[in-house]
Amino acid sequence: MDSSVAPVTMDNDHQNPSNKNKPSKGGWSAAIFVIFVEMAERFAFYGLAGNLITYLTNNFGQPLATAVKNVNTWVGVSSIFPLLGAFIADSYLGRFKTILASSLIYFLGMVLLSLSVSVVPMHSRKAVFFTALYVLAIGEGGHKPCVQTFAADQFDENSPEEKAAKSSFFNWWYLGIVTGASVAIVVVIYLQDNVSWTVGFVVLAVSLAVALVLFLIGIKKYRKQRPTGSPFTTMAQVFVAAGKKWRVSETRGGRGICYKDDRGGSHVPCQTRGPNLVRTKQFRFLDKAMIIDNKDASSKTKNPWRLCSLNQVEEVKLVLRLIPIWLGCLMFCAVQTQLHTFFTKQGSTMLRSIGHNFQVPPAALQSLVGVTILIAVPIYDWIFVPIVRKITGHPTGITMLQRIGIGLFVSILNMVVAGVVETARVNTAKQHGLIDTPKAIVPMSIWCLLPQYVLMGIGDVFTIVGLQELFYDQVPEEMRSIGAAAYISIVGIGSFVNNAIISIVQMITSRHGNVWLGDNLNRSHLNHFYWVLAGLSAINLFVYMWIANGFVYKQVEDEGTSEGKELGMQEYLEVKV
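Residues numbered from 1 in each chain as written. Predicted model: local features only at pLDDT ≥ 70, side-chain atom pairs only at ≥ 80, totals over all residues. Heavy atoms only, no water.

**Description of the overall build of the protein chain**
The helix and strand inventory of the protein chain stands at 18 helices and six strands. Burial status across the protein chain gives 57% buried among its 577 residues. Relative to all contacts within the protein chain whose residues are 6 or more apart in sequence, the contacts with residues 24 or more apart total 82%. Taken as a whole, the protein chain presents about 23,700 Å² of accessible surface, with 64% of it coming from carbon and sulfur. (Helix = DSSP H or I, 4+ residues; strand = E, 2+ residues; numbered from the N terminus. Buried < 20%, exposed > 50% of the residue type's maximum accessible area, 1.4 Å probe, protein only. Contact = heavy atoms within 4.5 Å. Areas by Shrake-Rupley, 256 points an atom, 1.4 Å probe, with all protein chains shown as cover.)

**Concerning unusual backbone geometry**
For Phe283, which is not a glycine, the phi torsion comes out positive at approximately 50 degrees. Mapped onto the elements of the fold, Phe283 is located in the loop between helix H9 (231-244) and helix H10 (294-298).

**Some remarks on the packing of helix H1 (residues 28-49) against helix H5 (residues 122-143)**
Packing of H1 against H5 leaves a shortest axis separation of 12 Å and a crossing angle of 145 degrees. For H1 against H5, the interelement crossing comes out left-handed. Contacts from Val37, Glu38, Glu41, Arg42, Phe45 and Leu48 in H1 reach Leu133, Leu136, Glu140 and His143 in H5. Of the residues belonging to the contact of H1 with H5, the class tally is five nonpolar, one polar and four charged. (Axes fitted to C-alpha atoms, helices over the stretch in contact; angles between N-to-C directions. Left-handed = near helix turned anticlockwise from the far one by under 90°. Nonpolar A, V, L, I, M, F, W, Y, C, P; charged D, E, K, R; others polar.)

**Section: the pairing of strand E4 (residues 442-445)**
Only one face of E4 is buried: it carries Val442 and Met444, and the other face, with Pro443 and Ser445, is open. Where strand E1 (residues 350-351) and E4 come together, two bridges link them in parallel fashion. Directly across from Met350, in E4, lies its bridge partner Val442. (Pairing = 2+ DSSP bridges.)

**Some details on the packing of helix H15 (residues 400-431) against helix H16 (residues 450-473)**
Between H15 and H16, the least distance of the axes is 8 Å, while the angle of their chain directions is 155 degrees. With respect to their mutual orientation, H15 and H16 come out roughly antiparallel. When you trace H15 past H16, the crossing you get is left-handed. (Parallel < 35°, antiparallel > 145°, perpendicular 65-115°, else oblique.)

**Comments concerning the nonpolar core**
Of all hydrophobic cores here, the largest spans 113 residues; its most connected members are Phe129 and Phe529. In this structure, Phe529 is in contact with Gln338, Phe342, Asn498, Ile501, Ile502, Val505, Trp516 and Leu517, ignoring residues within four places of it in sequence. Within the second largest apolar cluster, 20 residues are counted, among which are Ala86, Ala241, Ile257 and Met290. (Core = buried A, V, L, I, M, F, W, Y, C linked by side-chain atoms within 4.5 Å.)

**Details of the side chain of Asn540**
Assignment of secondary structure puts Asn540 in helix H18 (residues 526-549). Within the structure, Asn540 has its side chain in polar contact with the backbone oxygen of Gly328 (distance 2.8 Å). Discounting residues that sit within four places of it in the chain, Asn540 has contacts with Leu327, Gly328, Met331 and Leu408. (Polar contact = N/O pair within 3.5 Å; in protein donor to acceptor, adjacent residues only side chain to side chain.)

**Here's the deal with the packing of aromatic side chains**
Scanning the entire structure with this criterion turns up 27 aromatic pairs. Residues Phe343 and Tyr453 carry aromatic rings whose centres are separated by 5.4 Å and whose planes lie at 65 degrees to one another, so their mutual orientation is edge-to-face. One end of the pair, Phe343, is in helix H13 (residues 342-348); the other, Tyr453, is in helix H16, and 110 residues separate them in sequence. Residues Phe343 and Tyr453 agree in their burial class; the two are buried. It is Lys144 that lies over the ring of Phe45; its NZ or CZ is 5.2 Å from the centre. Sitting over the ring of Tyr380, Arg403 keeps its end group 4.1 Å from the ring centre. (Phe/Tyr/Trp six-rings, centres within 6.5 Å; stacked < 30°, edge-to-face > 60°. Lys NZ or Arg CZ within 6 Å of the ring centre and 35° of its normal.)

**Details of the confidence of the model for the protein chain**
Averaged over the protein chain, the pLDDT score is 83; the fraction of residues at 70 or greater is 85%. Taken as a whole, residues 4-23 scores under 50 in pLDDT and shows 50 contacts with residues more than four places along the chain or in a different chain. This model gives residues 264-275 a pLDDT under 50, and the stretch forms 31 contacts once residues within four places in sequence are excluded. (pLDDT = per-residue confidence, 0-100.)

**Digging into helix H3 (residues 64-93)**
Here H3 spans 41 Å end to end across 30 residues, near enough to the 44 Å set by a 1.5 Å rise per residue. Just beyond H3, the residue with positive phi is Gly94, at close to 85 degrees. (Expected span 1.5 Å × (residues − 1).)

**Observations regarding the side chain of Lys345**
Its place among the elements puts Lys345 in helix H13. At 8.3 Å, Asp519 is the nearest oppositely charged side chain to Lys345, a buried residue that forms no salt bridge. Engagement of the side chain of Lys345 in a polar contact is seen with the side chain of Thr57, the distance being 3.3 Å. Ignoring sequence-local partners within four residues, the contact set of Lys345 consists of Ile53, Thr57, Asn58, Leu64 and Leu521. (Lys, Arg positive; Asp, Glu negative; His and termini not counted. Salt bridge = Lys/Arg side-chain N within 4 Å of Asp/Glu carboxyl O.)

**As for a nonpolar patch on the surface**
The grouping of Val371, Leu374, Ile375, Ile379, Trp382, Ile383, Ile387 and Ile391 at the surface amounts to a nonpolar patch, some 830 Å² of accessible area in total. In this structure, Ile383 sits in helix H14 (residues 367-392). (Patch = residues over 30% accessible without salt bridge, like charges linked within 9 Å, V, L, I, M, F, W, Y side chains within 5 Å.)

Structure below.
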């Protein structure tokens, strides 16, 4: 359900001996306030995103394909802004100030959204509504990459007591985000469908206001970290240094390799300390940045824009290796965007009654993804991993890339099943003469959609959690917030990829006079669209397998290849909700 949960990282300040005498802060008394902030944010996000497609089609009268692309664009922008938010937090403001500012922006955006559906005149309503959506996207950008990491900062890993408390915190954090998302999907969406949109959005705004107040109440309890500076500067130094020495080699004009990783500027005799990262053979053009030439040797101080350490160079290589994996998972996220759009519209045409009076909101079925994750996580951790470990001998049963690949396969199966169910729905509409009555309820239970929601949850357990682990484990430590934001951005770009596919499908099918994604789902060919996604995903899986086959995991001196440690249930805070 949620790709926004960033892996936990600890700032280097925790490992600085000078911090031991600082006043005691943090711990549970601080973390509980951050948990409430995250619960409210997830509550607000899913209360809006889960039913946005319904508002755009029913209240603004947008064509289905247009509404889907608008939802995807908003989700995409909301998932790309965390890259900027993580950069600002790490380089300038710090996590606390970034969370505070983004929470305020988020609240103001939700207030504006509530006004847009109530008191704003009709002729200006659409403009104000979309303005509010993108104000919310800005708030998401600062919130997503910082809040979970800031919560983890409240527990000092050098303290045995706090380290034990941190394990318990993981469970409560996960419970909090599950609760926030699930309550929004069930309760708020019911209010929107059966009371009014104004009431639904006001409830979301009030929850954000309460969370902001609670966050401020705990201000004296928080353990805050200072900004560590931009990691992009270090990366740029490697490329610039390599460019300046493009004619230099270790055997021609070179006087050795710089091993000393002193980024504050050390004297050039750099061979005083061995590297942490093992030198690799990929991207060897960057190795020139760590070659000491005559100019470096004659300089009294190290110029970081001419000479970089082996560690710096290898850290840049770590980032470059993740780019093909990032690209190889875009199609998976394009498939996952169906959850908030076409899946919901399918459900709105089917029988949704429970008893005589209660109607299940079609968007409420999104909660099934969270339920599936809650069931699948312990099965994966307690049953799947031990069994597979005996076969493969790998500590986690399968590698991170294998885990991601299994999820990619599940997404193919998901689209095949969704296409089959949609075919059955359309055939049922034909049998009952409802093919030209788009607003009629097709006599087919909404619970027939259950398999595709379950498969989406299973895919998340494999691919989404695998991606979070990979982008946490394989990036340089000082870039883990950026790594989390980079992972989140896959969801955003995947939404744009889905928009592009929709536009191409609409353009091609309109030429033949039979648009696949029309407003009347009974005459559309949504099943064909699902199968196109399945075919593209299958091609993507083969490309991903080729990329993964050449991937080199991070290697640390005297530790061999690092493929990440097994995530236990207490460390499953990365799981999507």
